[in-house]
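Chain by chain, the residues:
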Amino acid sequence: MPDASTVSATHPDKIRLLEALERKVLWLSAWTIHNANHIRPSRDGLKVGGHQASSASLASIMTALYFDVLRPQDRVAVKPHASPVFHAIQYMLGRQTREKLERFRALGGAQSYPSRTKDTDDVDFSTGSVGLGVAVTAFASLVQDYVRLKGLSDQPEGRMVALVGDAEMDEGNVFEAMLEGWKHDLRNTWWIIDYNRQSLDSVVSDRLWVPIEGMFRSLDWNVQILKYGKKLQAAFAQEGGDALRQWIDTCPNQLYSALTFKGGAAWREALSRDLGDTRGIRHILDAHDDAALGGLMTNLAGHDLPTLLETFHGTTDDRPACFIAYTVKGRGLPFQGHKDNHAGLMNPEQMAAFKVACGLAEGQEWDRHAGLDVDPGDLDAFLAQVPFAQGTGPKGASRRLKSAAIPVPSTLAVDLGARMSTQEGFGKILGEIAKGDDDLAARIVTTSPDVTVSTNLGPWVNRRGLFARQETQDIFREQKVVSAQRWQGAPGGQHIELGIAEHNLFLMLAALGLSHDLFGARLLPIGTLYDPFIKRGLDAMNYAAYQDARFMVVATPSGVTLAPEGGAHQSIVTPLIGMGLPNVSSYEPAFVDELAAIMAWGFDHMQRPDGGSLYLRLSTRQVDQPRRGESGGLDRDAVIQGGYWLRPPAPDAEFAIVYCGALAPEALEAHAQVLEDCPGAGLLAVTSPDRLHAGWTAAQRQGRGWDAHVHHLLSALPPDARLVTVIDGHPATLSWLGSVRGQAVAALGVEKFGQSADIPDLYQAQGLDADAIVDACARVLLG
Ligand SMILES: Cc1ncc(C[n+]2csc(CCOP(=O)(O)OP(=O)(O)O)c2C)c(N)n1
Ligand SMILES: [Mg+2]
């Protein structure tokens, strides 16, 4: 029995076992999908789906990687549609159950696309929205450097590997990430491109890869093209081989795919027609029957285990590497090469034939050993020593790592000015933390897409420095050019400066926010950006939240309150995004003492197993700050739960004004006005429409809707009292409050794109000023 660690990378015994595993993995992935679609009873008549062709395309590469090349510290983002291959491999390694495979794409079963949070077989990065899994590996690599250079992680250095569908390279975010990686001296990143030259709809252009490859090379990636397997290379060495090679090299993708689908006889016909007169070709053709000829002509390197192993084991430096591995979509299955095979499923007859070809008898479909031409004992011994699955992980720990919780004080200090904006407050709170030398200060890491200074991270960066793998100089400072910003890079720096692409910000936050789990080093990441550009990075933000990364997003300026900046920068829909995104608690405080309470709670919440991330929608508008004292004045708990009565209503109040965020001054002014006629009217401060709503629906699910914080708040009003809600964002953010107790609502907010103006004009134009609020009060009173 060979020991993989001692034999050469391509020892024949090892290849034989790996080829057996490759066949088994191909079978299991196809069978898992077939079982879900054709055998498991359907209750809704809906096609279950799964991607047999996409899976087959990666079966060889994943076999080489998981059973031989990868180490426990390596982290992998698997192409979404190869999920069945991943689960099959884990099943062979004893880390996935048959039940989960049988329930592929059903509740509690193996997920359609690899999921960190729902799959139980050790997924490193969730994938699904193509391009994101690719890019996140680059950011994970930067995070690995970040924690290792600071001595926060004692884990062995791993490679961050993406298994990439070639059409994923159409996604711009991949290139954004490459550029960002280049700036930060990216290392230890492998992108292995499953170059089957097919996307979902079609066969892709032959010429596209010229510029893509050039892009990798120009950014200093080690590009390795894995085109031909050993069998084809041997044929090329024979007489006529040069002509054969040239013929394949110039064969259009579409024709190659069509011949691959049609098989040996079609290859013979085409080669006889085009090369029949070339010396040596006849001999090559005669030496192969149709099946063997089909096998030879599709012997691409992406399906050739010796070539794959030589290449991967031979890549030992830490330069970022891009492997362009030629593959066949649907390799070994009846629809291989067919342009429509993306969602294609083998029918029961095809599957029955495939089962026979795999040497499986009825009832042996899930058997780990059946049908293989290797000794079961040898196979088990080989599987037991697979490096990736050694013990349970690096240093004997699970591959899911842990990091002790970082203590967070219950209050965060802030020097309150009489008038300030929440953005200014944010800068001051972080500035205060930066002065300290506690764990909280050490574990916070900030990042921003070119808006560090304009989102008020300056005080933090000045004290904690920029992160760079090597010391960088601040030339302006050396030249004694006066500047408020100190921009010196060093491995100890705690701010990661990014280019403008917001997608990169959220992928960076995803990677930073998984550091405790991936590298055993808890970080408390804070990302800042302009609120409207949340939409620009939204899929990546969703992606980060989806895989339960933990981070704090601080977005300023927001709403139409950024007034003269104009309509293009005014964010309307973001409060609804904050409410709608699971795993993210969103807050929009009006005052800085509220913000300090939210941030203190947030740093703790980010670390709790049942916690989550935070989105703080802040403002650049300066407002008068209430002086509420250290204790008693502000009900911090109520702030966290989403709201409190700034001016409690009288028991017989006819209505209340409910405001959120930067419109506090207008709400206060309107409230003061209406008090003359309605002395009992209340003024409700909402710090988080999201938390209020979530608390309400959670309580309702438990049959205790009356116990929700928002229910308690609104119960201070008579049941028939009216509400006037106002927010610098879409009015639906607060209009639901009327449903809590069945109280009528007039909801003010922004429903049309804005324009440049000052605040008085804009608030008037959007119906948000004090007069508009007073008018709304009159309207609700009149019914
Ligand atoms: C962002 C996004 N857009 C669209 C899709 C739908 N989709 C799934 S796979 C696919 C094509 C994938 O082609 P490729 O990456 O080459 O993978 P292959 O199946 O060829 O291995 C598309 C468009 C998706 N998953 N994500
Ligand atoms: Mg493809």
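Residues numbered from 1 in each chain as written. Chains lettered and ligands numbered in written order. Predicted model: local features only at pLDDT ≥ 70, side-chain atom pairs only at ≥ 80, totals over all residues. Heavy atoms only, no water.

This part covers the overall build of the protein. In terms of regular secondary structure, the protein is built from 33 helices and 20 strands. Oriented by its inertia axes, the alpha-carbon framework of the protein measures out at about 105 × 70 × 50 Å. Expressed as a percentage of its 783 residues, the buried residues of the protein come to 60%. Within the protein, counting contacts between residues at least 6 apart in sequence, those at least 24 apart form 76% of the total. Side-chain charges of the protein comprise 72 positive and 92 negative groups, with the mean position of each set lying 3 Å from the other. (Helix = DSSP H or I, 4+ residues; strand = E, 2+ residues; numbered from the N terminus. Buried < 20%, exposed > 50% of the residue type's maximum accessible area, 1.4 Å probe, protein only. Contact = heavy atoms within 4.5 Å. Lys, Arg positive; Asp, Glu negative; His and termini not counted. Charge placed at Lys NZ, Arg CZ, Asp CG, Glu CD.)

With that out of the way, let us pick up the packing of helix α27 (residues 664-675) against helix α33 (residues 770-782). Direction vectors running N to C along α27 and α33 enclose 50°, while the axes themselves pass 8 Å from each other. With respect to their mutual orientation, α27 and α33 come out oblique. In this structure, α27 crosses over α33, and the sense of that crossing is right-handed. Every residue of α33 that contacts α27 at Glu 666, Ala 667, Glu 669, Ala 670, Gln 673 and Val 674 is listed here: Ala 770, Asp 771, Ile 773, Val 774 and Cys 777. Residues belonging to the contact of α27 with α33 are distributed by class as follows: seven nonpolar, one polar and three charged. (Axes fitted to C-alpha atoms, helices over the stretch in contact; angles between N-to-C directions. Parallel < 35°, antiparallel > 145°, perpendicular 65-115°, else oblique. Left-handed = near helix turned anticlockwise from the far one by under 90°. Nonpolar A, V, L, I, M, F, W, Y, C, P; charged D, E, K, R; others polar.)

Pairing is mixed in the open sheet, where five strands are placed in the order β16-β18-β17-β19-β20. Across the chains shown, the open sheet's two edge strands, defined by having one partner strand only, are β16 (643-647) and β20 (745-748). Within the sheet, the average angular offset between the axes of one strand and its neighbour, ignoring direction, is 20°. Looking at chain direction, strand β17 (residues 655-660) and strand β19 (residues 722-727) are connected through six bridges and run parallel. Its bridge partner being in β19, Phe 655 is matched across the sheet by Arg 722. Packed on one face of the sheet, α27 meets β16, β17 and β18 (682-686) and runs near 165° to β17. (Pairing = 2+ DSSP bridges.)

Our next topic: helix α5 (residues 132-149). Spanning 18 residues, α5 covers 26 Å between terminal C-alpha atoms, matching the ideal 26 Å at 1.5 Å per step. With 16 of its 18 residues buried, α5 lies for the most part within the structure. The first or second residue beyond α5 is Gly 151, which carries a positive phi of 70°. (Expected span 1.5 Å × (residues − 1).)

Let us look at the environment of Val 740. For Val 740, the location among the structural elements is in helix α31 (residues 737-741). In the structure, Val 740 is positioned 71 residues away from Glu 669 in sequence and 26 Å away in space, judged by C-alpha atoms. Not counting chain neighbours up to four residues away, the residues in contact with Val 740 comprise Trp 696, Val 710, His 711 and Leu 714.

This part is about the site of ligand 1. Around ligand 1, 18 residues are found, and the nearest of them are Ser 54, Lys 79, Asp 166, Gln 198 and Lys 329. Between ligand 1 and Asp 166 there is a distance of 2.6 Å, counted from an oxygen atom to a side-chain nitrogen or oxygen. With respect to ligand 1, the side chain of Asn 196 contributes an N or O atom lying 3.1 Å from an oxygen atom. Considered on its own, ligand 1 offers 590 Å² of accessible surface; in the complex 76% of this is hidden by protein. (Near = heavy atom within 4 Å. Polar contact = N/O pair within 3.5 Å; in protein donor to acceptor, adjacent residues only side chain to side chain. Areas by Shrake-Rupley, 256 points an atom, 1.4 Å probe, with all protein chains shown as cover.)

Sites flagged by UniProt as "binding site: Mg(2+)" (unreviewed entry) map to Asp 166, Asn 196 and Gln 198. What stands out for the annotated residues spanning 33 residues is how close their C-alpha atoms remain, the widest pair being 7.5 Å apart. Among the secondary structure elements, Asn 196 is positioned in the loop between β3 (189-195) and α7 (209-218). Residue Asn 196 is classed as buried on the basis of its relative accessible area, which comes to 5%. Excluding residues within four positions of it along the chain, Asn 196 makes contact with Ser 57, Asp 166, Thr 327, Val 328 and Lys 329. With sequence-adjacent residues up to four places away left out, Gln 198 is seen in contact with Asp 166, Val 203, Val 204, Lys 329, Gly 337, His 338, Lys 339 and Asn 341. (UniProt positions renumbered as here; feature names shortened; annotations may be inferred.)

Glancing now at the pattern of salt bridges. Summed over all chains, the structure comprises 39 salt bridges. A salt bridge links Asp 624 to Arg 419; its shortest N-O distance comes to 3.1 Å. Here Asp 624, found in strand β15 (residues 623-624), pairs with Arg 419, found in strand β6 (residues 419-420); they are 205 residues apart in sequence, far enough to count as distant. Assessed through its relative accessible area of 46%, Arg 419 is described here as partly exposed. Through salt bridges with shared partners, a single network forms among Asp 145, Arg 148, Glu 157, Asp 185, Arg 187, Asp 318 and Arg 469. (Salt bridge = Lys/Arg side-chain N within 4 Å of Asp/Glu carboxyl O.)

Our focus in this paragraph is the coordination of the magnesium ion (ligand 2). Put simply, the ideal angle at a metal is 109.5 degrees for four donors in tetrahedral geometry and 90 or 180 degrees for six donors in octahedral geometry. On the protein side, the magnesium ion (ligand 2) has Asp 166 (OD), Asn 196 (OD1) and Gln 198 (O) as donor atoms, found 1.9 to 2.2 Å from it. Spacing between the donor residues of the magnesium ion (ligand 2) along their common chain follows D-x29-N-x1-Q. Assigned by exposure class, Asn 196 and Gln 198 land together as buried. (Donors = N, O, S within 2.8 Å, 3.2 Å for Na, K, Ca; no water.)

Secondary-structure assignment places Arg 75 in strand β1 (residues 75-77). A polar contact is formed between the side chain of Arg 75 and the side chain of Asp 124, at a distance of 2.9 Å. Look past the residues within four positions of Arg 75 in its chain and what remains in contact with it is Asp 124, Phe 125, Arg 159, Met 160, Val 161, Arg 399, Leu 401, Asp 517 and Leu 518.

For the rest of this paragraph, the subject is the environment of Asn 456. Looking at the secondary structure, you find Asn 456 in the loop between β7 (444-449) and α19 (458-464). Distance in space between the C-alpha atoms of Asn 456 and Ala 442 is 19 Å, their sequence separation being 14 residues. Here Gln 423 takes part through its side chain, which lies 3.2 Å from a polar atom of the side chain of Asn 456.

Let us now look at the confidence of the model for the protein. Caution applies to low-pLDDT regions: their predicted coordinates should not be interpreted in detail. On average, residues of the protein score 95 in pLDDT, and 98% of them are at 70 or above. For residues 1-7, every residue scores under 50 in pLDDT, and the model assigns this stretch 15 contacts once sequence neighbours within four places are set aside. (pLDDT = per-residue confidence, 0-100.)

Before going further, it helps to examine helix α23 (residues 538-546). What α23 keeps buried is the set Ala 540, Met 541, Tyr 543, Ala 544 and Ala 545. Looking at the buried side of α23, the elements it contacts are α5, α21 (502-512), β12 (552-555), β13 (584-587) and β14 (613-617). Where α23 ends, the next residue or the one after it, Asp 548, has phi of about 60°, a positive value.

Here we come to the packing of aromatic side chains. The final tally for this structure, using the stated rule, is 20 aromatic pairs. Arranged with centres 4.7 Å apart and planes meeting at 80°, the rings of Tyr 195 and Tyr 326 form a pair that is edge-to-face. You can see Tyr 195 sitting in strand β3 and its partner Tyr 326 sitting in strand β5 (residues 321-326), a full 131 residues away along the chain. By the burial criterion, Tyr 195 is buried, and Tyr 326 matches it. (Phe/Tyr/Trp six-rings, centres within 6.5 Å; stacked < 30°, edge-to-face > 60°.)

Let us look at the sheet that holds strand β4 (residues 222-226). One open sheet accounts for five strands, arranged β1-β2-β3-β5-β4; its pairing is parallel. Two strands lie at the open edges of the sheet, namely β1 and β4, each paired on one side alone. Strand-to-strand twist in this sheet, taken as the mean axis angle between neighbours without regard to direction, amounts to 15°. By the bridge criterion, six bridges tie strand β2 (residues 160-165) to β3 in an arrangement that is parallel. Opposite Val 164, over in β3, you have Ile 193 as the bridge partner. Across the sheet, α5 lies against β1, β2 and β3, angled at about 170° from β2, the strand it touches most.

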